[in-house]
Amino acid sequence: MKKILYLLAFVLVLSLPACEGPEGPQGPPGLDGVDGEDGEDGIEVLNLVFEGVVTFSEENDFAIGSQFELGQGDNLLVFLEWAQAEGNSLWRHLPQNVFFDEGAILTYNYQYTTTFFNVFMQGNFDLTQLEPEWTDNQRIRIVLLPGFFVDENARVDLSDFDAVMELIGKDESDIVRIDFD
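Residues numbered from 1 in each chain as written. Predicted model: local features only at pLDDT ≥ 70, side-chain atom pairs only at ≥ 80, totals over all residues. Heavy atoms only, no water.

Q: Please explain the packing of aromatic side chains as it appears in this structure.
A: When we look at a pair of aromatic rings, we describe it by the centre distance and by the angle of the planes. All told, the structure shown has seven aromatic pairs when counted by the stated rule. Aromatic side chains phenylalanine 56 and tyrosine 108 sit 6.3 Å apart centroid to centroid with 55 degrees between the ring planes, which places their arrangement in the tilted category. Separated by 52 residues along the polypeptide, phenylalanine 56 in the loop between strand 1 (49-54) and strand 2 (63-67) and tyrosine 108 in strand 6 (residues 105-112) bring together distant segments of the chain. When sorted by exposure, phenylalanine 56 lands in the same class as tyrosine 108, which is buried. Ring geometry for tyrosine 110 against tyrosine 112: centres 6.3 Å apart, planes inclined by 10 degrees, an arrangement best described as stacked. A network of ring pairs unites the aromatic residues Phe56, Trp82 and Tyr108 as a single cluster. (Phe/Tyr/Trp six-rings, centres within 6.5 Å; stacked < 30°, edge-to-face > 60°. Helix = DSSP H or I, 4+ residues; strand = E, 2+ residues; numbered from the N terminus. Buried < 20%, exposed > 50% of the residue type's maximum accessible area, 1.4 Å probe, protein only.)

Okay, here's the thing in structure tokens:
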């Protein structure tokens, strides 16, 4: 009797349908990881967005700057808080021009290398004549954008601060406050 039960169990196991179906199509290839130096792990990007309040003056040559290490192929974006609307900041990507009467032009701009950046004002007139609203307590945000973000997301509007934040997966709580003094 035991032999019949074993044989029946064996036949039953062989006749049950398998738990697997046919193999589906192959998925898209994954992205290669970023190799680190000397066999170490790849990069780890912790803070990508920095914010500070600056005052442009004759004493600082209407410019602020800082040492800032960037990798080859990385990008730096700078945004200036242009206005407030309904309690929300309106950010503009630099460079930005302001056109005054009689042909006077003020430009907020920035430049960077792999070791430093600076944000500056320039104009076709004496900048010491500007009202404080244009020079004092200017809120800026600096976004370090690793090159692979740009390569993989070529269609993102990098002049749109909110789109950039979404691209890098950051929100207001991730912004690191810095002091430019």
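Q: Would you mind showing me how to read the environment of threonine 128 here?
A: Following the sequence through the fold, threonine 128 ends up in the loop between strand 7 (116-123) and helix 2 (132-135). The class for threonine 128 is partly exposed, based on a relative accessible area of 35%. When the C-alpha atoms of threonine 128 and glutamate 58 are compared, they prove to be 6.6 Å apart, with 70 residues separating the residues in sequence. Apart from the residues lying within four places of it in its own chain, the contact partners of threonine 128 are Glu58 and Phe62. Here glutamine 129 takes part through its side chain, which lies 3.4 Å from a polar atom of the side chain of threonine 128. (Contact = heavy atoms within 4.5 Å. Polar contact = N/O pair within 3.5 Å; in protein donor to acceptor, adjacent residues only side chain to side chain.)

Q: I would appreciate a short explanation of the sheet that holds strand 4 (residues 88-93) in the present structure.
A: Sheet strands associate in pairs through backbone hydrogen bonding, adopting either a parallel or an antiparallel arrangement. If you trace the five strands from one edge of the open sheet to the other, you get 4-3-8-1-9, paired in mixed fashion. Strands at the two margins of the open sheet, each flanked by one partner only, are strand 4 and strand 9 (176-177). Of the pairings in the sheet, the one linking strand 1 to strand 9 comprises two bridges and is parallel in character. Bridge assignment links phenylalanine 50 to a residue of strand 9, and that residue is valine 176. (Pairing = 2+ DSSP bridges.)

Q: Just checking my understanding: could you explain the side chain of arginine 141 for this structure?
A: Checked against the element boundaries, arginine 141 lands in strand 8 (residues 138-145). The class of arginine 141 is buried, set by a relative accessible area of 0%. At a separation of 2.8 Å, a polar atom in the side chain of arginine 141 contacts the side chain of glutamate 172. In contact with arginine 141, other than residues within four places in its own chain, are Phe50, Glu51, Leu77, Val78, Phe79, Trp91, Phe161, Glu172 and Ile175.

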